[in-house]
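# Structural description and commentary
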Amino acid sequence: MSETIVALATPAGDSALATIRISGALSECLAKDALSLPSPTPRHSYLGNYKSNDAEIIDQVIFCFYQQNKSFTGEKMLEISCHGNPIIVQKILSDLVCRGARLAEPGEFTKRAYLNEKVDLVQAEAIAEMISAKSLYAIKLARKNLDGNLSLIISKVQTGILEVRAKLEAFVDFPEDDLGMEDHSKIISLIADIQDLTEYLVDSSVRRSIFDKYSKVVLVGSPNAGKSTLFNCLLGFDRSIVSDIPGTTRDYVSKSLILDDICIELIDTAGLRETTDQIESVGVVNTVELIEHADMVIAVVDSSLPYPCEVTELIDHNVTPENFIIVENKSDLEKNINIEKYPKNAGVVSASAKNKVGIADLVEKIKEVIGLGKENSELEFSVNLRHQQCLKEVNTHLLNAISLLKDSQDALIILSELKQASDSIGNIVKPTDNEEMLDHLFKNFCIGK
């Protein structure tokens with residue numbers, strides 16, 4: 001890590017401002033040579049001219065110097081805010097490279113922070129997760145990981161395993177002290193408690209996975225039930241064509257949007273009905289395929305008309321009560337729908353998309369159905385796929401150790417299982433001996449982060 005690295009930390013393209021980050025030993029020299037400030041006060045913002053190697057003023061900038069061990073990376077750092085014209089940015093970057101810095105690899109700043117023990121690996125991953133989060137809930141969970149919530153629990157698991165290993169090592173080193181029934185049962189109980197905690201962490205990773213994607217919410221129903229009006233109402237603008245003519249929507253229309261704290265992909269589909277129109281028939285087939293892969297299906301019905309049984313016939317095999325609700329649209333009209341025809345245990349929301357009535361209730365129902373209920377919103381940490389794989393390994397080794405203890409197997413064999421459990425849990429926060437894994441992980445980060 002002797003090289004000084006540089007990168008644009010803000011998105012490329014025209015903008016009001018752009019931030020360039022520099023980390024490494026040359027940072028202080030660059031403040032002197034390029035910005036004419038030989039001894040910058042750490043963490044103090046300065047206004048100055050950036051001068052190229054040949055003394056040309058490239059731009060007037062704001063810059064801030066960070067001393068070693070007091071910066072994000074743990075190294076000397078310099079951050080420069082210039083005007084966001086890509087020509088200016090490129091000219092400054094090129095000049096910094098000419099002065100001895102090199103362009104940073106993706107995630108290299110965060111990798112240096114990790115290697116200099118400014119953050120552990122869970123916290124480093126939380127930075128990337130905050131940037132790529134698909135919902136406010138996901139951002140909150142990443143923030144909790146960055147604060148060390150998950151690291152604290154992982155530390156408890158590590159400490160618990162080490163304590164059990166120490167107890168067993170004592171019996172190996174001093175065989176005259178027999179491992180009696182009381183100690184035997186106590187060790188099994190200790191391992192079981194640790195194993196319960198790892199299972200809880202694995203389970204939370206399943207619940208957390210809903211935050212990592214745009215959940216597909218599909219609107220289905222008969223022609224003229226008001227699907228497109230409801231679609232536009234949820235979006236807040238007209239994206240789908242609304243017409244009194246049946247069969248207007250021939251293909252599906254989708255749009256990503258934020259509903260309160262969550263992100264979904266909302267899909268408006270062709271009206272479900274038997275038709276001889278070849279193009280409309282293709283639209284109906286597409287709708288059925290979308291239902292098969294949907295996280296949630298909303299059947300929009302005209303509450304002033306009898307329930308369209310053909311809707312149930314077309315979707316019946318692809319929905320469950322957990323991912324399906326009925327919106328009784330056109331609640332401003334006299335209600336004539338026969339609710340006894342509804343699919344069994346279907347959730348129901350009354351609404352008028354035209355008058356924007358009942359939309360808040362529908363949003364709450366969407367959040368509930370796709371899994372953002374109280375149980376998930378109160379998660380205190382975020383367990384990602386990499387953590388999950390390591391925890392499953394830990395769980396397997398702990399279960400093996402319990403089984404071996406119950407069978408009164410040799411303590412050395414049990415210690416081997418516990419050692420492997422320690423190695424697996426260590427891979428979550430500090431796998432310093434796995435350089436290839438670290439390189440792969442940090443390459444998934446943004447350049448400049």
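Everything below is about the structure shown above.
Residues numbered from 1 in each chain as written. Predicted model: local features only at pLDDT ≥ 70, side-chain atom pairs only at ≥ 80, totals over all residues. Heavy atoms only, no water.

### Observations regarding the overall build of the protein
Where we set the bar: A helix here means a DSSP run of H or I that spans at least four residues, while a strand means a run of E at least two residues long, and both kinds are numbered starting from the N terminus. Exposure is judged per residue with a 1.4 Å probe applied to protein chains only, and the accessible area is read against the type maximum: over 50% gives exposed, under 20% gives buried, and values in between give partly exposed. Whether two residues are in contact is decided by their heavy atoms: any pair within 4.5 Å suffices.
Looking only at helices and strands, one finds 15 helices and 12 strands in the protein. Residues classed as buried in the protein amount to 49% of the 449 residues present. In the protein, once contacts between residues fewer than 6 apart in sequence are set aside, the share between residues at least 24 apart is 67%.

### A word on the sheet that holds strand β4 (residues 57-66)
Basically, it comes down to this: The pairing criterion is simple: DSSP has to find at least two bridges between the two strands. Only the contacting stretch of a helix is used when fitting its axis, a line to C-alpha atoms as for every element, and angles between N-to-C directions run 0 to 180 degrees.
Pairing is mixed in the open sheet, where six strands are placed in the order β3-β4-β5-β2-β1-β6. A single partner strand is all that each edge strand has here, and the edge strands are β3 (45-51) and β6 (102-103). As judged from the two bridges shared by strand β1 (residues 5-8) and β6, these two strands associate in the parallel manner. Each bridged residue has a counterpart across the sheet, and for I5 the counterpart in β6 is R102. Along the sheet, helix α3 (residues 108-115) makes contact with β1, β2 (17-23), β5 (77-83) and β6, crossing β1 at roughly 135°.

### Some thoughts on the environment of V218
Relative to the helices and strands, V218 is located in strand β7 (residues 215-220). Between the C-alpha atoms of V218 and Y252, which are 34 residues apart in sequence, the distance is 9.5 Å. Not counting the four nearest positions on each side in its chain, V218 is found in contact with I267, T269, L290, A294, M296, V297 and I298.

### Considering the nonpolar core
For clarity, the threshold we go by: Side-chain atoms within 4.5 Å are what join buried Ala, Val, Leu, Ile, Met, Phe, Trp, Tyr and Cys residues into a set we call a nonpolar core.
Among the nonpolar cores identified, the biggest contains 31 residues, and I191, L201 and L418 are the most heavily contacted of them. Going through the elements one at a time, α6 (149-173), α7 (181-208), α13 (385-406) and α14 (411-429) are the ones with two or more residues in this core. Aside from chain neighbours lying at most four places away, what touches L201 is L150, I153, I154, V157, F381, V383 and L391. With 29 residues, the next largest nonpolar core counts L219, A225, I262 and A353 among its residues.

### Description of the packing of helix α8 (residues 227-235) against helix α11 (residues 359-369)
The condition that has to hold: In this scheme, roughly parallel covers angles under 35 degrees and roughly antiparallel covers those over 145, while 65 to 115 is roughly perpendicular and the rest are oblique. Gly counts as polar in this scheme, as do all residues outside two lists: the nonpolar Ala, Val, Leu, Ile, Met, Phe, Trp, Tyr, Cys and Pro, and the charged Asp, Glu, Lys and Arg.
Direction vectors running N to C along α8 and α11 enclose 85°, while the axes themselves pass 11 Å from each other. Viewed along their axes, α8 and α11 adopt a mutual orientation that is roughly perpendicular. Residues L230, C233 and L234 of α8 form the contact with α11, whose participating residues are I359, L362 and V363. Looking at the contact of α8 with α11 residue by residue, the classes come out as six nonpolar, no polar and no charged.

### Here we look at the sheet that holds β7
One open sheet holds the six strands; their spatial order is β8-β9-β7-β10-β11-β12, and the pairing between them is mixed. Two strands close off the open sheet at either side, each with one partner strand: β8 (253-259) and β12 (347-350). When strand polarity is set aside, the average angle formed by the axes of neighbouring strands in this sheet is 25°. The pairing of strand β10 (residues 296-302) with strand β11 (residues 324-329) spans six bridges and is classified as parallel. Residue pairing across strands places V301 opposite E328, the latter belonging to β11.

### Quick word on α8
Most of α8 sits inside the fold, with eight of its nine residues counted as buried. Of the residues making up α8, those classed as buried are K227, S228, L230, F231, N232, C233, L234 and L235. Buried residues along α8 sit in contact with β7, β8, β9 (262-268), β10, β11 and α11. Where α8 ends, the next residue or the one after it, G236, has phi of about 95°, a positive value.

### Some words on the side chain of D120
Rules: The positive count covers Lys and Arg only, the negative count covers Asp and Glu only, and His and the chain ends enter neither. A carboxyl oxygen of Asp or Glu within 4 Å of a side-chain nitrogen of Lys or Arg is what we treat as a salt bridge. For this analysis, a polar contact is any N or O atom pair within 3.5 Å, provided that within protein one partner can donate a hydrogen and the other can accept it, and provided that sequence-adjacent residues contribute only side-chain to side-chain pairs.
By secondary structure assignment, the location of D120 is in the loop between α3 and α4 (121-132). In this structure, D120 is buried with no salt-bridge partner, the nearest side chain bearing the opposite charge being R386 at 7.9 Å. Among the polar contacts listed, one links the side chain of D120 to the backbone nitrogen of V122, at a separation of 3.0 Å. Of the polar contacts made by the side chain of D120, one reaches the side chain of S151; its length is 2.6 Å. Apart from residues lying up to four places away in sequence, D120 is in contact with Y114, S151 and V429.

### Some details on the packing of α4 against α14
At a minimum axis distance of 5 Å, the contact between α4 and α14 shows a crossing angle of 40°. In terms of orientation, α4 lies oblique with respect to α14. On α14, the residues touching L121, V122 and E125 of α4 are N427, I428 and V429. Taken together, the residues of the contact of α4 with α14 break down into four nonpolar, one polar and one charged.

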